[in-house]
Amino acid sequence: VQLQASGGGLVQAGGSLRLSCAASGSISSINSIRVMEWYRQAPGKQRELVADISRGGSTKYAESVKGRFTISRDNAKNTVSLQMNSLKSDDTAVYYCAADYVETSPSGEIVAGRHWGQGTQVTVSS
């Protein structure tokens, strides 16, 4: 599975940005995706989970973004988006989309893992 993220950029504090991520690959690999996620990593900090969404639409958010960010998913288009409002300078980071998968190998073994997309820079100026 390939994950292609887009939508990052420079925005003033209080502004909004929308990140999108498209998954591509074989039908079986796409269907193996369970949870899609957005992570971010600021300079000098560990990568952190921002939000995730299950195939059924259940969502989770980091406390720091609750009420400001909204994650959504279109299973038909194999995309996940992150609408970011009321951006703060602390939101400045490289944002990564990811997809957790569970699949059965040809030998019948259950394999779970995570695909990563390339990062997209989000810079919030104060």
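Look up a bit, the structure's there.
Residues numbered from 1 in each chain as written. Predicted model: local features only at pLDDT ≥ 70, side-chain atom pairs only at ≥ 80, totals over all residues. Heavy atoms only, no water.

1. Describing the overall build of the protein
Reasoning step 1: Along its length, the protein carries 1 helix and 11 strands.
Reasoning step 2: Its helices and strands taken in sequence order, the protein reads β-β-β-α-β-β-β-β-β-β-β-β from the N to the C terminus.
Reasoning step 3: Taken over the C-alpha atoms alone, the protein extends approximately 55 × 30 × 25 Å along its principal axes.
Reasoning step 4: Split into buried and exposed, the 126 residues of the protein put 39% on the buried side.
Reasoning step 5: Taking as baseline every contact in the protein between residues at least 6 positions apart, the subset at least 24 positions apart corresponds to 54%.
Reasoning step 6: Carbon and sulfur atoms provide 48% of the accessible area of the protein, an area that totals close to 6,700 Å². (Helix = DSSP H or I, 4+ residues; strand = E, 2+ residues; numbered from the N terminus. Buried < 20%, exposed > 50% of the residue type's maximum accessible area, 1.4 Å probe, protein only. Contact = heavy atoms within 4.5 Å. Areas by Shrake-Rupley, 256 points an atom, 1.4 Å probe, with all protein chains shown as cover.)

2. A short note on the state of the cysteines
Two cysteines joined by a covalent bond between their sulfur atoms form a disulfide.
Reasoning step 1: Enumeration over the complete set of coordinates arrives at 1 disulfide.
Reasoning step 2: Note on cysteine connectivity: Cys21 is disulfide-linked to Cys97, with sulfurs 2.1 Å apart. On the sign convention where negative is left-handed, the bridge of Cys21 and Cys97, at about 50° about the S-S bond, is right-handed. Taken together, the residues Cys21 in strand S3 (residues 17-24) and Cys97 in strand S9 (residues 93-104) connect sequence positions 76 residues apart. Both residues of the pair, Cys21 and Cys97, count as buried. (Disulfide = S-S within 2.5 Å.)

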